[in-house]
Amino acid sequence: MALQKSIVARNAELDALAPLANNGFIRIYTGGIPATPETAVSGTLLAELRFNATAFGAAAAGVITANAITSDASADNTGTAGTYRALKSDGTTALWDGTVSTSGADLNLNSVGISAGVTVAITALTVTLPQS
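Here goes a summary of the coordinates provided. (Residues numbered from 1 in each chain as written. Predicted model: local features only at pLDDT ≥ 70, side-chain atom pairs only at ≥ 80, totals over all residues. Heavy atoms only, no water.)

### Quick notes on the overall build of the protein chain
Broken down by element type, the protein chain carries 1 helix and 8 strands. Reading the helices (α) and strands (β) of the protein chain from amino to carboxyl end gives α-β-β-β-β-β-β-β-β. Taking 14 Å as the expected radius of gyration for a compact globule of 132 residues, we find that the protein chain reaches 15 Å, a close match to that expectation. The principal-axis extent of the C-alpha atoms belonging to the protein chain is close to 45 × 35 × 25 Å. Counting only residues that meet the buried cut, the protein chain has 37% of its 132 residues in that class. (Helix = DSSP H or I, 4+ residues; strand = E, 2+ residues; numbered from the N terminus. Rg over C-alpha atoms; globule rule 2.2 N^0.38 Å. Buried < 20%, exposed > 50% of the residue type's maximum accessible area, 1.4 Å probe, protein only.)

Below, the structure is given as structure tokens:
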């Protein structure tokens, strides 16, 4: 039987998670999502963006919405984005991983084709904690 979490419980979990991303990073890579956030990413780093000093607003309905994210003004490498990793401000402690695509992914970009030297921007990011 799956554990079912209330909105109150989901919001509390997200409100505890959100500050861990303050001044943290979003790194976009080629390839698939690792088995866990503790597993090294095997893809090529394409871009690194930065969370705001206050990364997210307060949770509502099991969702946190990111505040402004600093763009990467010059992508590191050329490739096809497939996964991203959110990290604490230390740049080494992984918080969560997600998929990248143009639609239906955890992080949707206008194009998954990233070229070295171009600007990579995220205009909106939400994190949803499922009920179960």
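### A look at unusual backbone geometry
Even without being glycine, N23 reaches a positive phi, approximately 60°. Considering the arrangement of structural elements, one finds N23 in the loop between α1 (7-17) and β1 (25-30). In this structure N23 comes out as partly exposed when scored by relative accessible area, which is 35%. Of note, the phi angle at A61 is positive, near 55°, even though the residue is not glycine. Topologically, A61 is positioned in the loop between β2 (45-50) and β3 (63-65).

### Considerations on the pattern of salt bridges
Across all of its chains, the model carries 3 salt bridges by this definition. For the salt bridge of E13 with K5, the shortest nitrogen-to-oxygen distance reads 3.0 Å. Judged by its relative accessible area of 22%, K5 falls in the partly exposed class. (Salt bridge = Lys/Arg side-chain N within 4 Å of Asp/Glu carboxyl O.)

### Focus: the side chain of D72
Among the structural elements, D72 can be located in the loop between β3 and β4 (79-87). An unpaired buried charge is present at D72: no salt bridge exists, and R27, the closest side chain of opposite charge, is 9.0 Å distant. Reaching out from D72, the side chain makes a polar contact with the backbone nitrogen of E48 at a distance of 2.8 Å. Among all residues touching D72, those that are not within four sequence positions of it are A47, E48, L49, V118, T119 and V120. (Lys, Arg positive; Asp, Glu negative; His and termini not counted. Polar contact = N/O pair within 3.5 Å; in protein donor to acceptor, adjacent residues only side chain to side chain. Contact = heavy atoms within 4.5 Å.)

### Notes on the environment of L49
Its location among the elements puts L49 in strand β2. Leave out the neighbours within four places in its chain, and L49 touches G24, F25, I26, I28, I69, T70, S71, D72, V120, A121 and I122.

### Concerning the pairing of β4
Of all 9 residues making up β4, 8 are buried, and the element is well covered by its neighbours. With 6 bridges joining them, β1 and β4 adopt antiparallel strand pairing. Opposite I26, over in β4, you have A86 as the bridge partner. Pairing analysis gives 2 bridges linking β4 to strand β7 (residues 113-114), with the strands arranged antiparallel. Within β7, the residue paired with G79 across the bridge is I114. Two strands pair when backbone bridges link them, and β4 and strand β5 (residues 94-101) are joined in this way by 5 bridges, in the antiparallel orientation. Bridge assignment links L87 to a residue of β5, and that residue is A94. Between β4 and the antiparallel strand that follows it, β5, lie 6 residues; G91 among them carries a positive phi value of about 75°. (Pairing = 2+ DSSP bridges.)

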